[in-house]
Structures are given as C-alpha cells and as structure tokens.
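A look at the structure
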Amino acid sequence: MNIKAILLVVLMSSLILFGISFAFLSWSKSRQKHTAQTYFHGKSLFKNISLMERWNHFLQKSYMIMSKIPGLSAYIQRVRKRISGVHAYDEFRLRRETTKITLVVLGILASSALILFMLNPSVSFLLLVLLTAVIINSLLIDMYVNRMEKKLLMQMIDLFSEVRHRYQQHEMIDEAIYEAAESAGYEASVHTRKIYEALNAKDPSEELEKFYETAPNRFLKAFAGISFMIMEFGDKVKEQGSIYLQGLSGLTKEIHLEILRRDKLDYLLKGLNVIALAPVFFTKPIERWARSSFPAMDEFYTSKLGYITKIVIFIVIILSFVLLQRLQQDNETTYRWSDKKKTWEQFFSSFSVIRLTASFMAPKPATPAYAQMIRLLKESSTHLRYEWFYIRRIMFFILSFVVTMTIMMVLHQTAKSHILHAPVGGNTFFGQVSSDQRDAGHQLSDQDLRVMKEVGMSSSASYDEIASRVNGKQNINSSKDTLVNSTNRILSKLKAYNQEYLKWWEILTALLIGWAGYQFPLWLLYFQRKIRYMDMRHEVYQFQTVISMLREMDRISVEEILEWMNRFANIFKIPIQRCVLHYDHGAEMALTQLKEEVRLIEFQRIVDKLLLCVEKIPIAQAFDDLENEMSFYFEQRKQEYEKMIDTKAGLGKMFGFAPMYALIFMYLVVPLIVISFMQMNVYYEQIQKI
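Each chain has its residues counted from 1, running along the sequence as written. With the structure being a predicted model, the display of local features is reserved for residues of pLDDT at least 70 and the display and counting of side-chain atom pairs for 80 or more, all residues being used for whole-chain, interface and lining totals. The side-chain numbers reported here are obtained from all heavy atoms of the structure, hydrogens and water having been left aside.

To continue, consider the overall build of the chain. Comment: elements are numbered from the N terminus, with helices defined as DSSP H or I runs of at least four residues and strands as E runs of at least two. Of the regular secondary structure elements, the chain holds 27 helices and two strands. Taken over 690 residues, the chain has a buried fraction of 43%. Counted over contacts in the chain with a minimum sequence separation of 6, partners at least 24 positions apart contribute 75%. Note on areas: Shrake-Rupley, 1.4 Å probe, and residue coverage restricted to the protein chains presented here. For the chain, the accessible surface area stands at approximately 38100 Å², while carbon and sulfur atoms represent 62% of it. Relative accessibility under 20% of the residue-type maximum defines a buried residue, over 50% an exposed one, and the middle range a partly exposed one, all with a 1.4 Å probe and only protein chains included. Note on contacts: a residue pair is in contact if any heavy atoms of the two residues lie within 4.5 Å.

Set out below in structure tokens:
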C-alpha cells in the first residue's frame, strides 16, 4: 500500500470518527432535552432552542472532549492562551471561540494538505506541506486575534466618548464607567466592568495590578490607571479643561492613530500571503508541463542541481511567508514581560559537555565583550540567562551543520541513483517522448548498469575493457558508432558516479551555514532590540501622561511618581522597581542608577527632571513644558508610522512576489535556456559530422 492510499484511509477514518462523535454529541444533547421536556410535563422545549444555541452547546462539548485528547489538548491550550487577552473574563465565550478556531484551522489545514498531496504524491512534498501547515496555522490565528483587537479598539472609541459624557453629567468616575459599560460593545464592556470592579474593591491597587497583567492593550491599562489616579487624588480644572477629560482625549487620539496605522497596513499588504504561497501549488504542474513539452528538461529536474533548486525555492517560499507574517503582526504594542520556568536551553545545560563548551565559547566576565552581551540581553528583554544564550547558539550551530551535511549526503545518493537508473534519452528537445523511445532508454540504462557492475564501478576502467564488454552485450547488427557512443557514455557515467562524494568545499559550506546558525540568535536579539524601541517610546508616552496629571496634585512627591510609573511599566518595570527599593537609601543615587541602566533618551529626560525635583525645584515647575513635549512626540510618532508603513509596503511587495519570481525563473526559464543552449551545441556537433 502506497502513501497516497494510506492517507486516504486516514482521511476516511477521521471523517467517520468525526461523524460518530457528532452523532453521539447530538444524541446526548437530544436525550438531555428529552429529559427536560418530560420534566416540564410535555412542554416542547426542544423546538424553542435555536440552531445557534445548539451550535454553542456542541462547541462547549467539543472543547471538553478535545481537551482530553493527548496532543490536541496542548494545541487547544496554545490557541486559548493566544486569544485569552480579548476574552479574558468570559470562560464560556473563551472556550467557544477556542473550539471554533481549532476546528476551522485544522479543517482548512487538513483539506489543503490532502489536495496538495494529491497533486504531488511524494514524501518530500508531504513534509513540505506539513511545514507550511504549521506556518499557516499561526497566520490564521494571528488574523483572528488582530481582527478581535481591532474590533476592541473601535469599541473603545465609543466607550471613551460615553465615559466623557457620563462624567460631565455626574462628575463621578465609577458611575460614569458603570453606565458607559452598559451601552458599550461586548468586548469593551467586559473589560470595562472589570475595571469598575477593581476601582470599587477593598484594595484597588492590588486588583488593578491583576488587571494590568491580563489587559489586551496599553490603552485599557492607561484608562484604568488614570481613572484610579483621579479617584484617589481628585480632578482639577485648568485653563485647558478637566485633567481627566484631557487624559481621555489623549487616549482617543492614540487609538485613532493605531486604527489608521492598522487599516493602511492591512490595505497595502492585502493578498500578499496568498501570492507568496501560490508557488507551492504550481511547482509540480510546471515540472510536469516542462517534462512533457521539453523531454530534455528531465535531465535537470532529476539531477542534483534540480533538487537543490527545488529546495531553494521552497526555502524562499517559507521565508517570504514568515517575513510577510512578521510585517503584518502588530507587535509594536504587544510586549509583555514574562519569565519562563523551563526552557530547552536549561535542559541542555544539565549536560556537562555542552555546559563546558558554552563557557569556553562565551566571553569571560569583566571583559568588554561580556558587558556588551549582558547589555544586549537586557535591552532585548530576553528571558534567557547568559549561559543559556550561548547554549542556544551552540545548538543552532550543531543543528544547521547536521541538517546541511545530511542534505548534501542525500543529494549525493540521489545523484548516484540517477546516474545508475535514469533512462538514456535521445536528442529530442521539443514534443513528447514515445513509449518505444522510453523503453529503449531503460534498456540502454540497464545494459550500462550491468557493464558498470562488471568493472566494479571503477573509474579507472580502460576504454578497451568497457568496449569489449559492451560489444558482447550488443546485437550483431550494431554499428561502430553505437559501440563508441555506448562506451563513452559508460565512461562518463563511471566518472560522474565516482565524483559523487563529500568534497572539502561542501564541508566548508556546511561550516559556514553552521556559523550562520550560530550567529542567528545574536541577529535575532539585535532585531528584537530594534522592534522593542517602539514599545519603549509608547511606554514613555504613558509615563508623560501620568506625570502630566500627577504634577497638578497637591503634596505629590518624586517617590510617589516612581510608584505610579511602576504600576504602568512593562519594559522598564525591573529598573523602576529597583529604583523604588533603593530610593530610601539615597534618592539621587537611585535615580542616577536608573538613568544609567536605561539608555532611551526620552526616558532619561524624565529621570533628569525627577532628579531636579528631589531637592531643588517643585514638580510642577520641572514639568512645565510637558504638554509641548507630548505634542511633539505625538507628531513625531505619526511621521514615523508613515515611514514604517511605506517601508513595510515595499518589503511586503518584495517578499510577496519573490517566491513567484523564483519559481518561474529558477525552476523554468533559466533551466530551459541552459538546456536549449546545450541542445544547440549537440545539434551543431551533429551538423559538423555530416
């Protein structure tokens, strides 16, 4: 039984099991409803239950069943964790959406994989399809999460407008939030009610800290913090208006900017994912068409160069798709500080050989390279320790080297098999090879193989030795030219066969690829630090919003400002916590250490003003130009957003069309041109012999 038949059996079995499960769930549900119907004296409750309610019940039941299946339960938990930000406080809705996404994604992936495998039934292509399915899986989940996040942002605009209106009516923040939650959209109302409960709890600070850990975006965190701050210190009316209403206006402007950025980016990158993945569907049809129309292309597609070209094209497809997905991710505002309990680097550190190798490769303490690496790890906010990071680099080197060497050895074996068993073709370039020509080519290939085995596959076999053996196997009517061609062909096969071994430059290439794998985690840290720069500026803008309100409060101190900054902090949480802990032992020393630890210029300016406020000038005087700075930073970020969108649009077009260009030119046009020139040389030599 071949692989195609096995997969069809697996598919049919899965469909049958799915049908049985669905029938069982429906029967169980009908029994429950029948019991309820009997209990209520024959009232027809079953007819009153809508199709949507039955579907929701099926999703809840499916969640319970799939959570008990090994493997599938882990996948469900990953999906649940990914969407838990938006549906954090509604367990039934969270389970329903998790099951819905799981069924849709797995259904799409299974059907797509089956269709692709039927188009190209081979093991190598099946592995590629499975790898592509993993990538598409994360893409579909990201699309759902981004859609829900955008929906939440749209609802928050109406929510803040309603809070403003209610606050102007009652001048009570908690009542305004409660009434606004009643008329807000579902997703926004759930989070708003949670904020209301936290503000009216016995310990609002502790409840708000819990809310900050699960808030889906920075705007809700800022809204909760500003509301609590005004409830604690009281609102003030300045020339520009109420402090609280100014804070809501600032948040609304930020949300408008974020929505416009997402809309424009979605419009410019729309459809590029499909274009990037389209070559996966066309590799096999193009190969079949080229082979049927140009028989000489068989030599390219079955050669080692053809396999390398195919691998390169698939790598381009996967890399382009992954890079497109990175471009479309809204990761500028999704940073969360976390620390994993167990990592695979920690597991490998338990082996003494790997641990000693990592300590040998890593820079020694008290050296400039060590200090530079420690700073990079801090600025990129990685959860890895210094030793674990170098274990990761070593394992990436080993993996890259081993995979490259394995591919090279497999290619050598494939090339040997092609030399031994490929049919001997004629000089036909156009049209199709007839069945008689194909059979004759296989007979000549088998004859060549027998002669090559008789001489021991040795490249030192002489021309006369091979000619005598070929002459004994050919027909009596064979011409001298046929004998000469067969002998030369076998000699070239023996030479090519014995050339298929691992060469020094191939080992050097594997080492270079391994070195690239060794450097990849370091390059990733530099990339993360660059991406994180935008997160840092968002957080500084929140600090400025908080300080603009706190500076108007009576009896506010620098230590209290630091404590409020700590409540809002994500990226700067650890250095600010350290500064708060050391503040009693020396305010200037703690603030100076905080400034040295964080290199962002905007954050350092805030710390410089806090240093002035320790003993020299009042807080309101130190931050008297804060509104102008906030206006400047807002306009600066708008300009940066436009540049970023233009850059992403250009990169998106390049990544989206690169796989199609690679497929057309590397897999069809260039090989066709090269083969045509080779055929022209053959025809020219034949013409000269006439």
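The rest of the description comes next.
A word on the side chain of Lys-493. Position of Lys-493 relative to the elements: it lies in helix H20 (residues 480-498). Dropping the residues within four chain positions of it, Lys-493 is found in contact with Ile-419, Ala-422, Val-424, Ser-445, Asp-448 and Met-452.

Here we take up unusual backbone geometry. Residue Ala-366 is not a glycine yet carries a positive backbone phi of 65 degrees. Of note, Ala-366 is situated in the loop between helix H15 (352-361) and helix H16 (368-379). A positive phi angle, close to 55 degrees, is found at Met-457, a residue other than glycine. Structurally, Met-457 is set in the loop between helix H18 (435-454) and helix H19 (463-473).

Okay, the packing of aromatic side chains next. Stacked, tilted and edge-to-face pairs are distinguished by plane angle, under 30 degrees for stacked and over 60 for edge-to-face with tilted covering the rest, among Phe, Tyr and Trp rings (Trp via its six-membered ring) whose centres lie within 6.5 Å. Enumeration according to the criterion identifies 17 aromatic pairs in this entry. Aromatic side chains Phe-300 and Tyr-301 sit 5.3 Å apart centroid to centroid with 65 degrees between the ring planes, which places their arrangement in the edge-to-face category. For the pair formed by Phe-300 and Tyr-301, the shared burial category is buried. Between the aromatic rings of Tyr-370 and Tyr-386, the centroid separation amounts to 4.8 Å while the plane-to-plane angle is 75 degrees, which identifies the pairing as edge-to-face. On the criterion of sequence distance, the pair formed by Tyr-370 in helix H16 and Tyr-386 in helix H17 (residues 386-421) is long-range, its members being 16 residues apart. On the accessibility criterion, Tyr-370 (25% relative accessible area) is partly exposed. Residue class for Tyr-386 comes out buried when judged on its relative accessible area of 10%.

Note on definitions: salt bridges are taken to be side-chain nitrogens of Lys or Arg within 4 Å of carboxyl oxygens of Asp or Glu. Taken as a whole and judged by the stated rule, the model has 22 salt bridges. Note that Glu-97 and Arg-96 form a salt bridge whose closest N and O atoms lie 3.7 Å from each other. In this structure, Glu-182 and Arg-193 form a salt bridge, with 4.0 Å as the shortest nitrogen-oxygen distance. Of the two residues, Glu-182 sits in helix H6 (residues 173-183) while Arg-193 sits in helix H7 (residues 186-199), which places them 11 residues apart along the sequence. One connected set of salt bridges, linked through shared partners, spans Glu-149, Glu-258, Arg-261 and Arg-262.

Ranked by internal contacts, the top residues of the largest apolar core, which has 79 residues, are Tyr-244, Leu-562, Met-565 and Phe-603. Tallying contributions element by element places helix H9 (residues 218-233) first for this core, with nine residues. Excluding residues that lie within four positions of it along the chain, Met-565 makes contacts with Phe-543, Ile-547, Ile-576, Phe-603, Ile-606 and Leu-610. In these notes, a set of buried Ala, Val, Leu, Ile, Met, Phe, Trp, Tyr and Cys residues joined through side-chain atoms within 4.5 Å is what counts as a nonpolar core.

The description of two helices packed together rests on the angle between their axes and the distance between the axes. Close contact between helix H22 (residues 558-568) and helix H23 (residues 573-582) brings their axes to 9 Å; oriented N to C, the two are set at 155 degrees. In terms of orientation, H22 and H23 fall into the roughly antiparallel class. Between H22 and H23 lies a crossing of left-handed hand. Taken together, the residues of H23 that come into contact with H22 (itself represented by Leu-562, Glu-563, Met-565 and Asn-566) are Lys-573, Ile-576, Gln-577, Cys-579 and Val-580. We call Asp, Glu, Lys and Arg charged. Ala, Val, Leu, Ile, Met, Phe, Trp, Tyr, Cys and Pro are nonpolar, and the rest, Gly among them, are polar. Looking at the contact of H22 with H23 residue by residue, the class counts come to five nonpolar, two polar and two charged. Here an angle of 0 to 180 degrees is reported between the N-to-C directions of two axes, which are lines fitted to C-alpha atoms, with helices fitted over the stretch in contact. In these notes the angle categories are as follows: under 35 degrees is roughly parallel, over 145 is roughly antiparallel, 65 to 115 is roughly perpendicular, and the rest is oblique. Throughout, a crossing is termed right-handed when the near helix is turned clockwise from the far one, and left-handed when it is turned anticlockwise from it by less than a right angle.

Quick look at the confidence of the model for the chain now. One confidence number per residue, pLDDT, is output by the predictor and ranges from 0 to 100. The share of residues in the chain with pLDDT of 70 or more is 84%, and the mean pLDDT across the chain is 78. Of all the helices and strands in the chain, helix H1 (residues 3-39) carries the lowest mean pLDDT, 48, while H6 carries the highest, 90. Confidence drops under a pLDDT of 50 for residues 27-48, and excluding neighbours within four residues, the segment shows 13 contacts in the predicted structure.

This part takes up a nonpolar patch on the surface. A grouping of Met-409, Leu-502, Trp-504, Trp-505, Ile-507, Leu-508, Leu-511 and Leu-512 is seen on the molecular surface, where their side chains present a nonpolar patch of about 790 Å² in accessible area. Ranked by the residues each element gives to the nonpolar patch, the list is headed by helix H21 (residues 504-550), at six residues. Counting through the fold element by element, Leu-508 comes out in helix H21. Here, patches come from residues exposed beyond 30% relative accessible area and free of salt bridges, joined within 9 Å for like charges and within 5 Å for nonpolar side chains (Val, Leu, Ile, Met, Phe, Trp, Tyr).

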